[in-house]
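Residue-level listing of the chains:
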Amino acid sequence: MAQAQGLGKSYIKAFFKGFFVAVPVTVTFLDRVACVARVEGASMQPSLNPGGRQASDVVLLNHWSIRNYDVQRGDIVSLVSPRNPEQKIIKRVIALEGDIIKTIGYKKKYVKVPHGHIWVEGDHHGHSFDSNAFGPVSLGLLHARATHILWPPQRWQKLQPVLPPERKPLQREQE
């Protein structure tokens, strides 16, 4: 009986040792490397959620790939909403710092993206709360790059950076 109690104590002790190692490692991984997120809404249709409200895509968000704010035109990124810091939004990078972009309904017809900022838009124009509503976005608001669609299984794929030809920047500032 005493041996069984000692065995139970050693299992509990081993469990807690493993728990106190696993939790910080998992939290660090999810915060710094990658996590998954469900995409809601129609702003990124047809790239994400092409079926509308019937099914939400689940994407892999890679934090590590943007740790140095290294994004390119066409990337799909997750960022903190400039209007509501409690909310994350997912959009496509249209222009980088120094680019001049023709806007769609923004207060200015043409915008030069300032240093340390990007211009993001949803793929479904008119149904997207994006830079055309709030202007250039600080790189500091970047959260992650969406790299793969994980769910539903029939849509599993790597997300490629694609920039619609009609949304290419008009001019790039000379370095």
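See above for the structure.
Throughout what follows, the structure given in this document is the object of discussion. Here the residue numbering is sequential within each chain, running from 1 through the sequence in written order. At least 70 in pLDDT is required for a residue's local features to be given in this predicted model, at least 80 for side-chain atom pairs to be given and counted, and no such filter applies to totals for whole chains, interfaces and linings, which use all residues. Excluding hydrogens and water, the side-chain figures rest on all heavy atoms present in the structure.

1. A closer look at the environment of Tyr 69
Mapped onto the elements of the fold, Tyr 69 is located in the loop between strand 2 (58-62) and strand 3 (76-80). Exposure remark for Tyr 69: the relative accessible area of 43% places this residue in the partly exposed category. Spatially, the C-alpha atoms of Tyr 69 and Ala 144 are 9.5 Å apart, while their sequence positions differ by 75 residues. Ignoring any residue separated from it by four or fewer positions in sequence, one finds Tyr 69 in contact with Leu 139, Gly 140 and Leu 142. Labels follow the DSSP assignment, with helices taken as runs of H or I lasting at least four residues and strands as runs of E lasting at least two, numbered in each case from the N terminus. Only protein chains enter the accessibility calculation, which uses a 1.4 Å probe; a residue whose area is less than 20% of its type maximum is buried, one above 50% is exposed, and one in between is partly exposed. Contacts are assigned to residue pairs that have any heavy atoms within 4.5 Å of one another.

2. Topic: the pairing of strand 3
In terms of burial, strand 3 is largely enclosed, as four of its five residues are buried. In the sheet, strand 3 pairs with strand 4 (residues 88-95) via five bridges, with the strands oriented antiparallel. Paired with Val 77 across the two strands is Lys 91, which belongs to strand 4. In terms of strand pairing, strand 3 meets strand 9 (residues 142-151) through three bridges, oriented antiparallel. Each bridged residue has a counterpart across the sheet, and for Ser 78 the counterpart in strand 9 is Ala 144. Between any two strands, at least two bridges found by DSSP are needed for them to pair.

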